[in-house]
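Take a look at the letters that make up each chain.
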Amino acid sequence: MKKILRVVGILIIFVGVVLGILQIIDSFSDKVAYGNITNIFERRTGTEYSNVKTGGVYPCELEITYKDKNGQGQVGKTLYETAPCSSFFNSYYKIGDKVNIVYSENNLSNVKINGLFDRFGFLIIFPLLGSGLIYFSKRLH
């Protein structure tokens, strides 16, 4: 059991570092901007989304208006779903909230919230989880 936990821990660390490096490489082409949340689409069933006025308990997409590096107004949506429509420290997003985002010049309609866990979560979470498994495996008798 100790050996299995150690191997799984090492694999998780390796996967986290590889995915984290890919996130870092991807971040070099990202541009930073501030935007305002103009709509929240909350998923209720399947892939259907409905507009909501406040954060909810269901996964959601955020629609954000922002100005690109040329000063042109853009509208983008988050690519991933934030469940439950919240950030790590902020309890819920609301329409009108100002958020720090990153976008790609290749696809201006896809935006990401510019947060530590949102951008580099793999590089942080996976190695911590893997290290915890390795530590736990050493504590087993």
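Just so it is clear, the model here is predicted, and its values are computed rather than measured. (Residues numbered from 1 in each chain as written. Predicted model: local features only at pLDDT ≥ 70, side-chain atom pairs only at ≥ 80, totals over all residues. Heavy atoms only, no water.)

1. Re the side chain of Thr 78
- Looking at where Thr 78 falls in the secondary structure, it is placed in strand 4 (residues 73-78).
- In contact with Thr 78, other than residues within four places in its own chain, are Glu 61, Leu 62, Ile 64, Val 111 and Ile 113. (Helix = DSSP H or I, 4+ residues; strand = E, 2+ residues; numbered from the N terminus. Contact = heavy atoms within 4.5 Å.)

2. As for the environment of Val 7
- Mapping Val 7 onto the fold places it in helix 1 (residues 2-27).
- By relative accessible area, Val 7 is classed as partly exposed at 45%.
- Considering only alpha carbons, one finds Val 7 and Leu 133, 126 residues apart in sequence, at a separation of 9.1 Å. (Buried < 20%, exposed > 50% of the residue type's maximum accessible area, 1.4 Å probe, protein only.)

3. Considerations on helix 1
- For helix 1, built from 26 residues, the straight-helix expectation of 38 Å at 1.5 Å per residue is met to within 8% by its first-to-last C-alpha distance of 37 Å.
- Regarding helix 1, the residues found buried are Leu 5, Gly 9, Ile 12, Gly 16, Gly 20, Gln 23 and Ser 27. (Expected span 1.5 Å × (residues − 1).)

4. Examining the pattern of salt bridges
- In total, this model carries three salt bridges according to the counting rule given.
- Ionic pairing is found between Lys 69 and Glu 105, a salt bridge with its closest N-O pair at 3.0 Å. Residue Lys 69 is located in the loop between strand 3 (60-67) and strand 4, and its partner Glu 105 is located in the loop between strand 5 (98-104) and strand 6 (107-113); the two are separated by 36 residues in the primary sequence.
- With a relative accessible area of 55%, Lys 69 lands in the exposed category.
- Across the pair Lys 94 and Asp 97 runs a salt bridge, and its minimum N-O distance is 3.9 Å.
- Looking at Asp 97, the relative accessible area reads 16%, which means it is buried. (Salt bridge = Lys/Arg side-chain N within 4 Å of Asp/Glu carboxyl O.)

5. Overview of a positive patch on the surface
- On the surface, Lys 2, Lys 3, Arg 6 and Lys 138 cluster together to form a positively charged patch.
- Looking at the positive patch element by element, the count peaks at three residues for helix 1.
- With respect to the element layout, Lys 2 can be found in helix 1. (Patch = residues over 30% accessible without salt bridge, like charges linked within 9 Å, V, L, I, M, F, W, Y side chains within 5 Å. Areas by Shrake-Rupley, 256 points an atom, 1.4 Å probe, with all protein chains shown as cover. Lys, Arg positive; Asp, Glu negative; His and termini not counted. Charge placed at Lys NZ, Arg CZ, Asp CG, Glu CD.)

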